[in-house]
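# Report on the structure
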Amino acid sequence: MKNILILPGDYIGPEIMAEAVKVLDVLKAEGEPIQWSFGHLGGAAYDAEGHPYPPSTQAAARAADAILMGAVGGPKYDALPREVRPEQGILGIRKDLGLFANLRPALAYEALSAASSFKPEVIAGLDILILRELTGDIYFGSPRGRRENAAGAQEGFDTMHYSVPEVERIAHVAFQAAQKRGKRLCSVDKENVLETSRLWREVMIRIGAQYPDVALSHMYVDNAAMQLVKNPKQFDVIVTGNIFGDILSDEASMLAGSIGMLPSASLDVNNKGLYEPIHGSAPDIAGQGKANPLATILSVGMMFKYSFDRPDIAERIDAAVNTVLAQGHRTGDIAQPGDKVIGTSAMGDAFIAVFKQ
Ligand code: NAD
């Protein structure tokens, strides 16, 4: 039996999660050995238990086989002290569970090509995976802070660093992901100027020798930013560090047309994962039944693929999303002028109707 912890979070979080639960209901009724429970994270956890990642959620997250999250944060919580703000809940759970590998697929759905700001021929058939190291790099380096420099001016400073074991473990995830896809891996760094990147590249090459079936290439991050918009289909899997991945994965999300369509996974060394849409809690549309639930539903697919070793269920979910879009169902974020717009639960129901067939 697989235990799933569901953390709906704030604002649209509970609305989109209700649709993902419909998918779990169908799978359970079909006999899949899954069960789930609900917990609090982010603002909802602060409201209920006084902390964005309270002990009850911590215990449930450690015991679960996988975690499905909605989104956290929003204006209600913006004035809270930093240590109890909702994003501390996400950082806390990532750190606590050792979730170091962030996987973000960027897929261009043919039915949505008009919603993308790219020419159809640039993105038609696009299917890339960006793998971002999530727990190291300049975001977590010390020393960091403010000081007075030799000229007497105040300066801010941060420290970029990666250790060999940190790069080795993300390298293994990357090569293994490439093995399951097109067998091409592009490692993105800034080796021409950064010592951290020099070490990163050396380790990638050394680990690559263990995966002779995967073609490894290297690209500087500035060029990668350009190539992603010029010719994104040249990529299969991209692996990069935390700060470069933060920026490149957001850039790549635009290729797909809508933020409401993109799932993500954050994995530990044993493929236990936290699955969530890449978008935030969308306070501007919360409570109105307008949010697109498909990114959350696709996150359920990723959970079955990466944590439960059931790529067949992921493929079935992906195919049903394609069909629903081809049938013309559109929430506001993916609609074009003149399209009939449906709401969150209607989109969930349209998905379920196809998924059950
Ligand atoms: P956002 O992703 O919440 O929203 C950006 C825009 O996209 C908004 O116009 C929103 O309406 C729209 N949008 C987002 N998801 C949508 C969906 N499923 N369907 C239709 N439209 C959708 O980003 P933001 O406005 O910068 O942030 C809002 C809050 O979310 C902030 O508090 C931020 O900190 C938080 N946030 C949380 C996460 C997370 O939980 N992982 C990620 C990003 C932002």
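Below or above, wherever it landed, is the structure these notes cover. Being a predicted model, the structure only gives us computed values, none of them experimental. (Residues numbered from 1 in each chain as written. Predicted model: local features only at pLDDT ≥ 70, side-chain atom pairs only at ≥ 80, totals over all residues. Heavy atoms only, no water.)

## A word on empty space enclosed by the protein
Counted under the stated rule, the structure contains two cavities of 30 Å³ or more. As a volume, the largest cavity reaches approximately 60 Å³. Looking at the largest cavity, the residues that line it are Asp137, Met160, Tyr162, Val188, Asp189, Thr196, Ser197, Trp200, Gly241 and Phe244. Broken down by secondary-structure element, the contributors of at least two residues to the lining of the largest cavity are β8 (184–189) and α7 (195–208). Sorting elements by how many residues they give to the lining of the largest cavity places α7 first, with three residues. Grouping the amino acids of the lining of the largest cavity by side-chain chemistry returns five nonpolar, three polar and two charged. As for the second largest cavity, its lining consists of Arg104, Pro105, Ala106, Ile130, Ser249, Ala252, Ser253, Leu262 and Ile278. If you list the elements that add at least two residues to the lining of the second largest cavity, you get β4 (101–107) and α9 (242–253). Of the residues in the lining of the second largest cavity, the class split is six nonpolar, two polar and one charged. (1 Å grid on protein atoms, 1.4 Å probe; cavity = no way out; pocket = protein on both sides within 12 Å on 5 of 7 lines; lining within 4 Å. Points joined across faces, edges and corners; volume = space filled by probe spheres on them. Helix = DSSP H or I, 4+ residues; strand = E, 2+ residues; numbered from the N terminus. Nonpolar A, V, L, I, M, F, W, Y, C, P; charged D, E, K, R; others polar.)

## Examining the sheet that holds β4
Backbone hydrogen bonds hold the strands of a sheet together, and the pairing may be parallel or antiparallel. Spatially, 10 strands are ordered β2-β1-β3-β12-β11-β4-β5-β10-β8-β9 in an open sheet, and the strand pairing comes out mixed. Looking at which strands have only one partner, the edges of the open sheet turn out to be β2 (34–38) and β9 (215–220). The average undirected angle you get between the axes of adjacent strands in this sheet is 20°. Of the strands in this sheet, β4, β5 (127–133), β8, β9 and β10 (237–240) touch helix α6 (residues 164–179), which is tilted by about 170° from β5. In the packing of helix α8 (residues 221–230) onto the sheet, contacts are made with β5, β8, β9 and β10, and the angle to β9 comes to roughly 100°. (Pairing = 2+ DSSP bridges. Axes fitted to C-alpha atoms, helices over the stretch in contact; angles between N-to-C directions. Contact = heavy atoms within 4.5 Å.)

## Regarding a nonpolar patch on the surface
Together, Leu91, Tyr139 and Phe140 give the surface a local cluster of nonpolar side chains, amounting to about 260 Å² of exposed area. Its location among the elements puts Tyr139 in the loop between β5 and β6 (145–148). Owing to a relative accessible area of 31%, Tyr139 belongs among the partly exposed residues under this scheme. (Patch = residues over 30% accessible without salt bridge, like charges linked within 9 Å, V, L, I, M, F, W, Y side chains within 5 Å. Areas by Shrake-Rupley, 256 points an atom, 1.4 Å probe, with all protein chains shown as cover. Salt bridge = Lys/Arg side-chain N within 4 Å of Asp/Glu carboxyl O. Buried < 20%, exposed > 50% of the residue type's maximum accessible area, 1.4 Å probe, protein only.)

## Describing the side chain of Asp137
Relative to the assigned elements, Asp137 resides in the loop between β5 and β6. Salt bridges are absent for the buried Asp137, whose nearest opposite-charge side chain, Arg132, sits at 7.6 Å. Polar contacts involving the side chain of Asp137 include one to the main-chain amide nitrogen of Ile243, which spans 3.0 Å. Setting aside residues up to four positions removed in sequence, Asp137 forms contacts with Thr159, Met160, His161, Tyr162, Gly241, Asn242 and Ile243. (Lys, Arg positive; Asp, Glu negative; His and termini not counted. Polar contact = N/O pair within 3.5 Å; in protein donor to acceptor, adjacent residues only side chain to side chain.)

Don't take any of this as a statement about function, it's just geometry.
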